[in-house]
Amino acid sequence: LYTLRSRDEGGHSEASGERRHQKVTEESQQFDLVDLEMKRDLTPGVLAAIEPARRILSWHGPATSLASLQNLFDQMASEEAKYYKIVSGADQPRQEMAPLALLHSLKRDDLIAFAAGPIGTWTRLIAPRLGAPVVYGAAGAVPGAPGQPTVERLRRDYGLPDLGPVERLFGLVGAGIEHSLSPRLHNSSYRDLGLPCLYLPFHVEAFGEFWLEVVESGAFEELGFELKGLSVTSPYKRIAAAVGGASSPLVEWLGSANTLVSHDEVWEAESTDGEGVVLPLRELVDDLKDLPAAVLGAGGAGRAAAAALRVQGAAVTLVNRDEERGRRAARELRLPFRSWQGFDPASAKILIHATALGRSENDPLPFDPGRLDPDAVVIDLVYLPDEPTRLVRETRAAGRRAVDGRDVLVGQALSQFRLMTGREMDRQKARHRVGLA
């Protein structure tokens, strides 16, 4: 595919007029398909040089309505081509729905339509289920456009190019979720069990707007799908607990939820963060009763981990950099609090790292692993897609035991999958899929 995307349509090419047309016609001769911008390339000379069977007529522009996109397509379709491509921008919830609605209404097999940007990433994955013949993926780590997944991720996380039936939708709601392994775990398990489901990445910058404009608006139902469950990441776990029509006692205690499941048109809020911690920990420690444990971080994941350990009988202390926030969380959970500066890692047998640090090699370690008790176990809630974090590596190098955040993710996913589908995810397959032996 030859593409000379202009700067006006999100690319880098400054060529215009005759110079652009010359480049397109001469440089594209050895390519199977040629992208022609509707606004710039449909001249007699270009069309004479590039036969219809090699043409993709394209338009990239700002967010717009379904009616506007329908008018645009009518103009495009007056010129013969193999494919027609319409990509609209999306920087507010609901804007990403227009190109999908276009696919749904036209029901053509030669129309490629999706929304651009991180908010629109998930539309690239729904579009094939609505007839789009092509999905664009980056060949390497650098995306060709904002929100574009890699070809490897399209294959491993979403099962493409196979298109199994999809009736029910689930997904992950958060910001900066492009490297999450949750879609891989859930979608591969759907395929294992033959479930007509798809798990999508919903990049959200304002949870309330997403909830009103996308979830409660019935937008998915208009496209022929049911949205049945959501995994929720920080910083949206407290609002996830608030929007639920029903909440478990655990969620009411924590004041946060990482799971929302729709049952009989009621969204139920639950938290599985704690189970992700307890499951791998139980394999390393026989009895948690009265063991001194420290949870570093008072966000939603840290609060859930602290509560889960307390239920198991551990003597839990909450540690947080922001003392006011940490003391408030400790009061709500009825746990002791210790300031970050006054915390000694040697005082705990179990240490849960629940801050945002650790995704970068340049991040400081939350504590010196060399100061740990020889029998201590460290659980890092942060994870990297393909390797242990620096904290896990250095804890193990110091001769102590450490649980990789990917193991915690699997533990959370097992419970979420059960709540969402009523079926069981195979734990050993799940661990293998996230790179754990």
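Rules used in this analysis
- Residues numbered from 1 in each chain as written.
- Predicted model: local features only at pLDDT ≥ 70, side-chain atom pairs only at ≥ 80, totals over all residues.
- Heavy atoms only, no water.
- Helix = DSSP H or I, 4+ residues; strand = E, 2+ residues; numbered from the N terminus.
- Rg over C-alpha atoms; globule rule 2.2 N^0.38 Å.
- Buried < 20%, exposed > 50% of the residue type's maximum accessible area, 1.4 Å probe, protein only.
- Contact = heavy atoms within 4.5 Å.
- Areas by Shrake-Rupley, 256 points an atom, 1.4 Å probe, with all protein chains shown as cover.
- Salt bridge = Lys/Arg side-chain N within 4 Å of Asp/Glu carboxyl O.
- Pairing = 2+ DSSP bridges.
- Axes fitted to C-alpha atoms, helices over the stretch in contact; angles between N-to-C directions.
- Core = buried A, V, L, I, M, F, W, Y, C linked by side-chain atoms within 4.5 Å.
- Parallel < 35°, antiparallel > 145°, perpendicular 65-115°, else oblique.
- Left-handed = near helix turned anticlockwise from the far one by under 90°.
- Phe/Tyr/Trp six-rings, centres within 6.5 Å; stacked < 30°, edge-to-face > 60°.
- Lys NZ or Arg CZ within 6 Å of the ring centre and 35° of its normal.

## Here we look at the overall build of the protein
Across its full length, the protein carries 17 helices and 16 strands. On C-alpha atoms alone, the protein measures out to a radius of gyration of 25 Å, which is about the 22 Å that the 2.2 N^0.38 rule sets for 437 residues. Based on the C-alpha atoms only, the size of the protein along its principal axes is roughly 80 × 45 × 40 Å. Residues classed as buried in the protein amount to 54% of the 437 residues present. When contacts within the protein are restricted to residue pairs at least 6 apart in sequence, those whose partners lie at least 24 apart make up 63%. Of the roughly 19,100 Å² of accessible surface on the protein, a fraction of 49% belongs to carbon and sulfur atoms.

## Section: the pattern of salt bridges
The tally for this structure, following the rule as stated, stands at 29 salt bridges. Ionic pairing is found between arginine 20 and aspartate 41, a salt bridge with its closest N-O pair at 2.8 Å. Placement of arginine 20 in helix α1 (residues 17-27) and of aspartate 41 in the loop between β1 (34-37) and α2 (44-49) is noted, with a sequence separation of 21 residues between them. We note that arginine 20, like aspartate 41, is buried. Measuring nitrogen to oxygen at the nearest pair gives 3.2 Å for the salt bridge that ties glutamate 51 to arginine 54. When salt bridges that share partners are traced, they join Arg5, Asp8, Glu9, Arg20, Asp35, Glu37, Arg40 and Asp41 into one network.

## A look at the sheet that holds strand β4 (residues 111-115)
Here four strands make up an open sheet; going across it, the order is β1-β2-β3-β4 and the pairing parallel. Sheet topology places β1 and β4 at the edges, where each strand pairs with a single neighbour. Taken over all neighbouring pairs, the strand axes of this sheet differ in orientation by 25° on average, direction set aside. Across four bridges, the pairing between β1 and strand β2 (residues 55-61) is parallel. Across the sheet, the residue bridging to valine 34 is arginine 55, located in β2.

## A look at the side chain of serine 339
Relative to the assigned elements, serine 339 resides in strand β13 (residues 337-339). For serine 339, a relative accessible area of 16% corresponds to the buried category. Apart from the residues lying within four places of it in its own chain, the contact partners of serine 339 are Val319, Asn320 and Glu323.

## Side note on the nonpolar core
Core analysis: the largest hydrophobic core is formed by 61 residues, its most contacted members being Ile86, Ile126, Leu169, Phe202, Phe207, Leu230 and Leu260. With residues near it in sequence (within four places) discarded, leucine 169 still touches Ile126, Leu198, Leu200, Phe220, Phe225, Glu226, Leu227, Lys228 and Gly229.

## Thoughts on the packing of helix α3 (residues 66-76) against helix α4 (residues 97-106)
Orientation of α3 relative to α4, taken along the N-to-C sense of each, is 60°, at an axis distance of 9 Å. By the angle between their directions, the pair α3 and α4 is classed as oblique. Relative to α4, α3 is oriented so that their crossing is right-handed. Contacts from Leu66, Leu69, Gln70 and Phe73 in α3 reach Ala98, Pro99, Ala101, Leu102, Ser105 and Leu106 in α4.

## Section: the packing of aromatic side chains
Centre distance and the angle of the planes are the two values used to describe a pair of aromatic rings. Scanning all chains against the criterion turns up 13 aromatic pairs. With 5.9 Å between their ring centres and 15° between their planes, phenylalanine 207 and tryptophan 211 make a pair best called stacked. Within this pair, phenylalanine 207 and its partner tryptophan 211 are both found in helix α8 (residues 207-215), separated by four residues, close to a single helical turn. Tryptophan 211 sits in the buried class, given a relative accessible area of 4%. Ring pairing ties together the aromatic residues Trp122, Phe202, Phe207, Phe210, Trp211, Phe220, Tyr236 and Trp267, which thus form one cluster. It is arginine 321 that lies over the ring of tryptophan 340; its NZ or CZ is 4.0 Å from the centre.

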